[in-house]
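A look at the structure
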Amino acid sequence: MVLSVQASNAVMNEKKPPLIIPIFIPHSGCPHCCAFCNQSMITGQGKNLPDSGEMDRIIREYLAYKGSRSRVELAFFGGNFLGLSPREILWFLERVRPYISEGRIQGIRCSTRPDTITRRNLDIIASHGVSMIELGVQSMDDAVLSRVGRGHTSDHTRQALDLLKAYAIPTGVQVMIGLPGETGEGVIRGIRELASFQPQTARIYPLLVLKGSRVAKWHAAGTYVPLTLERAVDQAKQLHQIFTRAGVEVIRMGLQASEMMEDKTQVLAGPWHPAFGHLVLSSLFFDRAVSRIRDVRPDRGAMVLRVHPRSESRLRGDKNQTLEKLKKTFPQISFSIETNRDLALDEIEVS
Ligand code: SF4
């Protein structure tokens, strides 16, 4: 007997993602410092803005890695892009214009706070090739937003999402899990509402206790306890499912691995893992495999799990942990894994 499942999972589709050229503008345009934030540390860049020469150097360096990708986008990350002055916003966009005119860059992304999405700002960036705006939503719970000193409310997010839709600008949302005062049910409720706005993409970040942040002080005083890695993976998995069921593509889970992130004198506590997203996707594969195996109702014996070659590591999990968990869940069955290129990336075939 052969059963297969094909859950909708946009992260696992075949298309090659665009090459992203990151330009970091740490803390720039930020009206406050959010309690969990230390962008200077994450980007390793201090508070310096890149000058014209530095931007050209970064762009050329990344373009050399374009390979067979059909699309290149430049992204302003690490600050509040639309919180910069109109003169600064235009200065940055003008630096990218020649590359767009030559067809070497196809779009610009910027991350910004919901309260900077105004008609005036959207009119300023119109016609400069901004292809996506990523909103730092973090939470839809006003009490949580106030506790971490965001300085905006969930209504700003609702208004921003409506306005971006009216301007037909593709939108991404960035959310955090493990924020002080947040409950598991509150997060789920907020993400359901967010997904109902149908943004194009989502990023999910677990809160890490960064040196120099206010959360680090709360952690030292014992008033803030971060999520365990296990709990963070579980919450991210639930968020991933809500987003993907609503047709929102989850493009990142967890912060990018770097030497800085491995430094325990900088990242003081929290669910850090260099392959956080892989852990979440493996956990999703585990749930799917369990469901498929239960459908077959096996008594005992040998079972083959077949997946696309590119999904094998997700089925095995980090250091084969997912496979080991399956063996513990079904001790009377011996499992083997085979690969089959004809299967979809999110498909598991059981026989
Ligand atoms: S989280 Fe975003 S808005 Fe808040 S201080 Fe950091 S970069 Fe600025």
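Model, not experiment: these values are computed from the prediction.

**Details of the site of the ligand**
Around the ligand, the surrounding shell holds 12 residues, and the nearest of these are His27, Cys30, Cys34, Cys37 and Arg150. Of the residues contributing to the shell around the ligand, the split by class is five nonpolar, five polar and two charged.

**Concerning the environment of Ala75**
Mapped onto the elements of the fold, Ala75 is located in strand S3 (residues 72-77). Residues Ala75 and His128, spaced 53 residues apart in sequence, show a C-alpha to C-alpha distance of 13 Å. Once residues within four sequence positions are removed from consideration, Ala75 is found in contact with Ile20, Ile21, Pro22, Ile23 and Arg109.

**What to know about the sheet that holds S3**
Across a sheet, strands are paired by hydrogen bonds formed along the backbone, either parallel or antiparallel in direction. Pairing is parallel in the open sheet, where seven strands are placed in the order S2-S3-S4-S5-S6-S7-S9. Strands with a single pairing partner mark the edges of an open sheet, and in this sheet they are strand S2 (19-24) and strand S9 (249-253). The mean angle between the axes of side-by-side strands here comes to 20°, regardless of whether they run parallel or antiparallel. Relative to S9, strand S7 (residues 201-206) runs parallel, the two sharing four bridges. Within the sheet, the bridge partner assigned to Ala202 lies in S9 and is Val250. In the packing of helix H2 (residues 52-63) onto the sheet, contacts are made with S2 and S3, and the angle to S2 comes to roughly 160°.

**Examining the packing of helix H7 (residues 184-196) against helix H9 (residues 229-245)**
It is at 9 Å that the axes of H7 and H9 come closest, and there the two elements cross at 25°. With respect to H9, the axis of H7 lies roughly parallel. The element H7 and its partner H9 pack so that their crossing is right-handed. Every residue of H9 that contacts H7 at Gly184, Val187, Ile188, Ile191, Arg192 and Ala195 is listed here: Arg231, Gln235, Gln238, Leu239, Ile242 and Phe243. Class assignment of the residues belonging to the contact of H7 with H9 gives a composition of seven nonpolar, three polar and two charged.

**Some points on empty space enclosed by the protein**
Where empty space is left becomes clear once a probe the size of a water molecule has been rolled over the atoms. Summed over all chains, the structure comprises two cavities of 30 Å³ or more. Here the largest cavity defines a volume of roughly 70 Å³. Lining the largest cavity are 13 residues, with Gln138, Ser139, Glu182, Val187 and Ile191 positioned closest to its centre. Top element by residues in the lining of the largest cavity is H7. It accounts for four residues. Looking at the lining of the largest cavity, its residues break down into seven nonpolar, four polar and two charged.

**Digging into the environment of Val96**
If you trace the backbone, Val96 turns up in helix H3 (residues 86-101). Note on Val96: relative accessible area 0%, which makes it buried. Note: C-alpha distance between Val96 and Asp56 (40 residues apart in sequence) is 8.7 Å. Setting aside anything within four residues of it in sequence, one finds Val96 in contact with Met55, Leu74, Phe76, Ile105 and Ile108.

**A short note on the domain arrangement of the protein**
Interface size is commonly expressed as the accessible surface area that is lost when the partners come together. Annotation of the protein at the domain level lists domain 1 (9-274) and domain 2 (282-350). One C-alpha centre belongs to domain 1, the other to domain 2; they are set 33 Å apart. Every contact between the two is made by nine residues of domain 1 and, on the other side, 11 residues of domain 2. Note on domain 1 versus domain 2: buried area summed over both sides is about 860 Å², and carbon and sulfur give 53% of it. At the surface where domain 1 touches domain 2, the tally comes to one salt bridge. Between Lys237 and Asp287 there is a salt bridge whose closest N-O contact spans 2.7 Å. Seen at the junction of domain 1 and domain 2, the total is three residue pairs in polar contact (both at pLDDT 80 or more). Of the residues belonging to the side of domain 1 that touches domain 2, the class tally is two nonpolar, five polar and two charged.

Conventions and cut-offs
- Residues numbered from 1 in each chain as written.
- Predicted model: local features only at pLDDT ≥ 70, side-chain atom pairs only at ≥ 80, totals over all residues.
- Heavy atoms only, no water.
- Near = heavy atom within 4 Å.
- Nonpolar A, V, L, I, M, F, W, Y, C, P; charged D, E, K, R; others polar.
- Helix = DSSP H or I, 4+ residues; strand = E, 2+ residues; numbered from the N terminus.
- Contact = heavy atoms within 4.5 Å.
- Pairing = 2+ DSSP bridges.
- Axes fitted to C-alpha atoms, helices over the stretch in contact; angles between N-to-C directions.
- Parallel < 35°, antiparallel > 145°, perpendicular 65-115°, else oblique.
- Left-handed = near helix turned anticlockwise from the far one by under 90°.
- 1 Å grid on protein atoms, 1.4 Å probe; cavity = no way out; pocket = protein on both sides within 12 Å on 5 of 7 lines; lining within 4 Å.
- Points joined across faces, edges and corners; volume = space filled by probe spheres on them.
- Buried < 20%, exposed > 50% of the residue type's maximum accessible area, 1.4 Å probe, protein only.
- Domains from an automatic or database assignment.
- Buried area = accessible area lost by both parts, 1.4 Å probe.
- Salt bridge = Lys/Arg side-chain N within 4 Å of Asp/Glu carboxyl O.
- Polar contact = N/O pair within 3.5 Å; in protein donor to acceptor, adjacent residues only side chain to side chain.

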